[in-house]
Amino acid sequence: MKAKKSLGQNFLIDKSIISKIVTEVLVCNNDLIIEIGPGCGALTKELKKYNSNMLCYELDSDLKGVLKLLENDKVKIIWQDFLKSNIKDDIKNIKYNKLFIVGNLPYYITTSIIEHIMDSDIIFEKLVIMVQKEVADRFLARPHSKEYGYITVVLNYYFEINRVINVSKYAFNPVPKVESVVLSLIPKKEREIINFNKYKEFLKKCFSQKRKTLKNNLKEYDWNLVREVLDKHNLNENVRAEEISGEIFIEIFKNM
Ligand code: SAM
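Residues numbered from 1 in each chain as written. Predicted model: local features only at pLDDT ≥ 70, side-chain atom pairs only at ≥ 80, totals over all residues. Heavy atoms only, no water.

A.B. asks: Explanation requested: the nonpolar core in the structure shown.
C.D. replies: A general trend in soluble globular proteins is that nonpolar side chains are found buried together. Of all hydrophobic cores here, the largest spans 60 residues; its most connected members are Tyr199, Leu214 and Phe249. Here the element with the most residues in this core is helix H7 (residues 150-158); it accounts for seven residues. When residues of this core are assigned to domains, at least three fall in each of domain 1 (5-187) and domain 2 (196-255). The contact partners of tyrosine 199, leaving out residues within four places of it in the chain, are Val153, Tyr157, Ile194, Gly246, Phe249, Ile250 and Phe253. Of all hydrophobic cores here, the second largest spans 27 residues; its members include Ile21, Val102, Val164 and Phe172. (Core = buried A, V, L, I, M, F, W, Y, C linked by side-chain atoms within 4.5 Å. Buried < 20%, exposed > 50% of the residue type's maximum accessible area, 1.4 Å probe, protein only. Helix = DSSP H or I, 4+ residues; strand = E, 2+ residues; numbered from the N terminus. Domains from an automatic or database assignment. Contact = heavy atoms within 4.5 Å.)

Structure below.
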């Protein structure tokens, strides 16, 4: 089958990487796995061995010939754009204990996929996802680095993020231009209770102009309230968003 570039089709062929991803999921037979973008079923076939329930979202109906062979009473394919799915609705009739999500998807929709999962209001144990190396670096970045930004702070508020394995471009067919990394994202059990949407808006403002100071980016907020928190942490007025940790962002947000 000819891979479709427009759908980011780079199929995983390296057995050791497939096995590493499958091991990272670690489900029981009464659990549920959601797989996003099963493609030719490289991961699906192996995940199926857990004998758990599986729900797979695939956009390319030309793959029906291959994927239909993997369907049974526990494995279902939904031929739909995952970004337009109503996950909560799709899983409501499935009886399961824990939910795991796995995906090797086009890299240009990585962030949208994670946001769609966070917005869908479902409870799950872990998301194991293949991402472009540069994106992994941003997700895992520490303050004071050039990779640290809005998405780092948002995702690290919500998830505990770990690098599972680095993946060479030769693990795929066709070979992509970029190197990849498998990440595991575990929703934090003890998140600070805040209005997440308002917090995201606030963070977007903080990082709106990276070269500018926080004070400059937060002109429409009460700077005295921001400064109270900065003073507490010995941070001066000229501090930039990229120098502030997630914990301090939360403190500032809660003080306003
Ligand atoms: N998981 C397979 C593997 O590891 O070999 C395929 C990976 S390939 C990088 C990405 C797959 O996601 C393709 O099969 C593509 O058709 C599918 N896809 C792309 N966009 C999608 C979307 N919005 N929703 C669901 N599937 C999508």
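Resuming the write-up.
A.B. asks: Whenever I open this one, the domain arrangement of the chain confuses me. Can you help?
C.D. replies: Size of an interface: often given as the accessible area lost when the parts come together. Looking at the chain, the domain boundaries give domain 1 (5-187) and domain 2 (196-255). Using only C-alpha atoms to locate each centre, domain 1 and domain 2 end up separated by 33 Å. Taken residue by residue, the interface counts twelve residues in domain 1 and 15 residues in domain 2. Our count for the domain 1 to domain 2 interface comes out at one salt bridge. For aspartate 119, the salt bridge identified is with lysine 200, shortest N-O distance 3.8 Å. The interface formed by domain 1 and domain 2 holds four residue pairs in polar contact (both at pLDDT 80 or more) in total. For the side of domain 1 that touches domain 2, the elements supplying multiple residues, two or more each, are helix H5 (110-119) and H7. The element contributing the most residues to the side of domain 1 that touches domain 2 is H7, with five residues. Grouping the amino acids of the side of domain 1 that touches domain 2 by side-chain chemistry returns eight nonpolar, two polar and two charged. (Salt bridge = Lys/Arg side-chain N within 4 Å of Asp/Glu carboxyl O. Polar contact = N/O pair within 3.5 Å; in protein donor to acceptor, adjacent residues only side chain to side chain. Nonpolar A, V, L, I, M, F, W, Y, C, P; charged D, E, K, R; others polar.)

A.B. asks: Sorry, what's going on with the pattern of salt bridges here?
C.D. replies: A side chain with one charge can pair with a side chain of the opposite charge if their charged atoms come near. If you walk through the whole model with that rule in mind, you get 16 salt bridges. Residue glutamate 251 pairs with lysine 232 through a salt bridge whose shortest N-O separation is 2.6 Å. Residue glutamate 251 is found in helix H11 (residues 246-254), and its partner lysine 232 is found in helix H10 (residues 223-232); the two are separated by 19 residues along the sequence. Taking the relative accessible area as the measure of exposure, glutamate 251 reaches 25% and is therefore partly exposed. With relative accessibility at 61%, the residue lysine 232 sits in the exposed group. Among the charged side chains, a network of salt bridges with common partners joins Lys4, Asp60 and Asp62.

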